[in-house]
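Summary of the model geometry
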Amino acid sequence: MEAAETMTQSRADCLLDGLTDPQRDAVTHAEGPLLVLAGPGSGKTRVITRRIAHLIVGGTPPWTILALTFTNKAAGEMRQRVADLLGDESAVARGLTVSTFHALCARLLRRWAEGIPGAGLTGDYTIYDTSDQVSLMKRVIAELGLNTGNWPPRSVLSAIGNAKNELLDPEAYGQQAHDFYGRQIAKLYGAYERALRSANAVDFDDLLVLTARLLRDNEEVREQLRHRWEHVLIDEYQDTNHAQLVIARLIAGERRQMPGMPGEFIEPNICVVGDPDQSIYGWRGADLSNILEFEEHYPSARVIALGENFRSTSPILAVADGLIRRNLRRKHKELFTSRTGGEPVEVALALDERHEASQVAQWLGARHEAGTPWREMAVFYRTNALSRVMEDELRARTIPYSIARGTAFFDREEVRSAVAYLRVLANPSDDVSLARIINTPARAIGKTTLARVQEAAQTAHVPVLRAMREGLAADAVGTRAAPALRRFVDLMDSLTGAGTFMGESITGSLADLVERVIRETGLEAMYAAQAQATGGETDAERLENLSELVSSAAEFEERFDPEADPSLSDPKSLARRQAVGAPPLLVMLRAYLESIALVADADAIDPAQGAVTLMTLHASKGLEFSAVALIGLEEGLLPHSRSQESPAALEEERRLCFVGITRAMDHLRLSCARYRTHRGFSERSTPSRFLDELDEPSIVRVDLADSDEFIGDEGTDLDRAPNAPGATSPARGAARLFPPGCAVRHEQFGVGRVIAVMAGTTPRARVDFRDVGVKTLVLEFARLRRIDPSA
DNA sequence: TCGTTTCACTTTTTT
DNA sequence: AGTGAAACGA
């Protein structure tokens with residue numbers, strides 16, 4: 001007994017090793033609400049993981065702890081670090097729930113969908129992503145007799161999303177709508193919700209909204225979960241929205257009187273960690289007041305500020321501080337580091353985006369020469385579109401890189417199609433997925449046929465697949481279509497192995513199912529035929545992606561642990577599940593589809609790869625790298641043009657820049673380009689105002705546009721155009737480079753002779769090509785090259 | 001019904 | 001530029 005205690009004691013002490021006083025306070029804080037205001041690099045993750053470990057070592061059962069993060073990757077890392085701290089395997093941490101908000105909600109809903117009064121949802125629901133939402137909304141708009149021109153699906157969805165984040169249902173939204181627009185949106189909102197429910201589907205926002213409703217309206221579930229999770233910890237609290245706040249509060253519980261002890265209270269054990277200066281998801285409903293008003297929500301809260309930065313050198317921190325100070329709606333927080341010295345931050349002006357990319361690549365190369373491994377370097381940008389140039393450049397120089405785009409794979413059309421089949425198998429009511437695959441590959445079921453079946457299904461209030469199976473549209477569809485529909489139903493039924501649906505008892509391999517879907521639906525044959533016909537690389541690639549999907553399913557299957565499901569969370573039900581043995585295929589399929597739906601870009605980062613990481617500023621949150629290059633610091637990009645009208649949005653852009661800067665440990669480089677090609681058009685850009693807000697003594701400005709490689713002013717810049725593909729070339733001088741009659745070569749059209757050059761904002765040339773005849777080309781993009789001897 | 005072609009637009013960020 | 005949808009022709 002005594003020995004055990006000593007051991008526990010010493011392990012607890014270990015957990016406090018190397019912590020500063022405030023860090024230690026946060027780790028050891030016992031009961032009641034706790035707010036940790038953690039500046040960048042202040043050891044936030046360290047504090048959370050040690051706090052969890054400390055609780056467990058102190059006797060708190062792991063299954064009474066719930067930790068919430070924003071990405072799966074963050075959750076995985078947190079779980080791993082806790083396990084590492086606890087040493088003896090993960091056994092100690094068994095039952096500990098570390099999850100994203102969305103994944104937690106998805107699982108709670110799996111378990112209790114039927115327990116939400118009036119929601120009409122069942123546990124086999126599908127999660128719709130943005131493009132599914134758009135498809136559904138288009139249909140809803142059409143059904144209400146509106147047109148997508150006046151009611152752009154995305155805008156409507158965004159209005160609905162905002163309403164959902166505030167937990168307003170269609171009725172409540174309609175009540176507070178006072179103009180025509182608002183009332184129409186309310187109508188669309190209601191119809192959209194009905195359409196979702198009849199497809200037994202939820203969108204991302206619903207995961208939160210419905211969970212909030214479940215907890216609010218179902219006392220039994222609420223009490224059960226409250227009882228189960230005695231400790232709730234939330235990371236990145238500054239990025240939670242209203243629905244998430246409500247969920248957290250409902251699970252954590254309220255301050256309440258201790259039974260039989262008047263004057264004594266039980267405080268909820270809710271610990272939130274965040275930094276208002278790193279709030280970057282306001283556009284998606286994140287509410288900064290959640291963290292700012294934490295003390296009002298929990299008057300007894302203890303507040304601990306972690307200001308010391310252990311990550312960045314002092315010039316980097318000074319630059320970050322100088323920038324963030326410009327935000328007016330902000331409580332100032334002193335940032336300090338003991339990492340004095342260090343290189344100044346490089347601020348560079350490049351000629352154009354290619355030039356910028358090349359300079360960045362060179363800079364990364366120099367860092368590598370100096371001993372920094374590729375994997376400790378990163379390039380950040382405001383928009384995904386900016387990754388392209390950077391990729392091209394790194395590829396050309398054979399610098400290893402990887403892009404953080406978690407969804408990229410599952411966004412490919414062939415993968416989406418295969419997944420749509422799986423979704424229909426898992427949820428036969430999923431009409432959006434059904435519409436996607438009913439004629440892929442082509443089965444002579446065209447637009448009109450589909451519309452007729454959909455209509456028949458609608459009037460009969462049944463899912464489309466069922467309407468087809470029961471031949472409800474038999475007289476409405478043509479004689480050719482009817483057997484085609486029949487064959488499709490038979491195909492789907494043959495995949496489930498039954499006339500009805502995969503019974504719960506069916507077991508088997510998920511990977512096998514995926515493979516059968518790809519083969520038996522004809523997807524594989526379709527791409528194989530195309531690959532053969534065109535010899536096209538893309539089709540061969542598609543086949544590869546499909547087989548990669550099979551691998552991903554196999555991998556998932558391997559890792560799948562039905563016990564890790566927090567919805568079932570009490571030890572009793574764990575035992576019950578274990579007794580069941582192998583998980584039914586359907587359960588696994590649902591879990592697989594769910595994991596696909598909830599991947600984040602940041603999840604795709606694998607530091608083991610030994611490559612430079614390219615990602616958006618948003619995805620960079622929570623990470624750190626030895627060397628960071630931030631590109632595209634231009635007005636309109638960072639801050640983004642869409643944010644310039646509101647001061648609040650502008651401040652969020654500044655915070656975004658702050659987040660990027662503070663990811664850097666040792667080396668930081670910020671750059672902008674004088675010209676940038678937008679959507680096909682090269683435009684002069686203005687350096688970001690943020691570049692004027694940096695701490696001058698900590699930076700060194702390099703005007704690379706003036707360096708020897710690119711001589712100075714625009715005149716000479718223009719002269720590069722004919723020989724430097726992609727170099728931007730504004731109007732002036734263009735005509736002079738391509739005198740009428742000169743011979744030119746075009747990548748695609750071959751050789752030809754210039755007829756005339758038209759000046760203007762976008763100078764064009766009329767060229768008579770030997771093979772393809774006369775074409776008019778925009779000089780900026782045509783990449784024309786003179787090939788006559790005089791050139 | 002299906003394939004091609006033209007045309008029109010463009011959310012930046014993501015669970 | 002690139003994509004996705006409407007329009008058109010077979």
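To start, this report covers the structure provided alongside it. Please read these numbers as outputs of a predicted model, since none were measured by experiment. (Residues numbered from 1 in each chain as written. Chains lettered and ligands numbered in written order. Predicted model: local features only at pLDDT ≥ 70, side-chain atom pairs only at ≥ 80, totals over all residues. Heavy atoms only, no water.)

**Considering the pattern of salt bridges**
Spelled out, the test is: Salt bridges are counted wherever a side-chain nitrogen of Lys or Arg sits within 4 Å of a carboxyl oxygen of Asp or Glu. Burial here depends on accessible area, computed with a 1.4 Å probe over protein chains only, as a share of the maximum for the residue type. Under 20% is buried, over 50% is exposed, and the range in between is partly exposed.
If you walk through the whole model with that rule in mind, you get 52 salt bridges. Its salt-bridge partner being Arg701, residue Glu696 comes within 2.8 Å of it at the nearest N-O pair. You can call Glu696 partly exposed: its relative accessible area is 43%. Given the relative accessible area of 42%, Arg701 is considered partly exposed. Put simply, Lys44, Asp235, Glu236, Asp239 and Lys621 are held in one network by salt bridges that share partners.

**Observations concerning the protein's contact with DNA strand B**
Our working rule: Being near a molecule or strand, for a residue, comes down to having at least one heavy atom within 4 Å of it. Under this definition, polar contacts are N or O atom pairs within 3.5 Å; protein pairs additionally need one hydrogen-donor-capable and one acceptor-capable atom, and for neighbouring residues in sequence, both atoms have to be side-chain atoms. Gly falls in the polar group here, along with every residue not listed as nonpolar (Ala, Val, Leu, Ile, Met, Phe, Trp, Tyr, Cys, Pro) or charged (Asp, Glu, Lys, Arg).
In the region of DNA strand B, 25 residues are neighbours, and Arg154, Arg382, Thr449, Ala600 and Arg642 sit closest. Taken together, the sugar and phosphate atoms account for 51% of what DNA strand B places within 4 Å of the protein. A distance of 2.8 Å separates a phosphate oxygen of DNA strand B from a polar side-chain atom of Asn384. Residue Thr448 places a side-chain N or O atom 2.8 Å away from a phosphate oxygen belonging to DNA strand B. For the surface near DNA strand B, the class distribution of residues is eight nonpolar, eleven polar and six charged.

**As for the protein's contact with DNA strand C**
Near DNA strand C the following residues occur: Lys138, Arg388, Arg679 and Gly680. Grouping the amino acids of the surface near DNA strand C by side-chain chemistry returns no nonpolar, one polar and three charged.

**Comments concerning helix 4 (residues 72-86)**
Short version of the rule: Strands are runs of DSSP state E lasting at least two residues, helices are runs of H or I lasting at least four, and both sets are numbered from the N terminus onward. In this scheme, a helix's expected span is set at 1.5 Å multiplied by one less than its residue total.
Over its 15 residues, helix 4 runs 21 Å from end to end, which matches the ideal 21 Å to within 8%, given 1.5 Å per residue. Taken residue by residue, helix 4 has Lys73, Ala75, Met78, Val82, Ala83 and Leu86 as its buried positions. Where helix 4 ends, the next residue or the one after it, Gly87, has phi of about 75°, a positive value.

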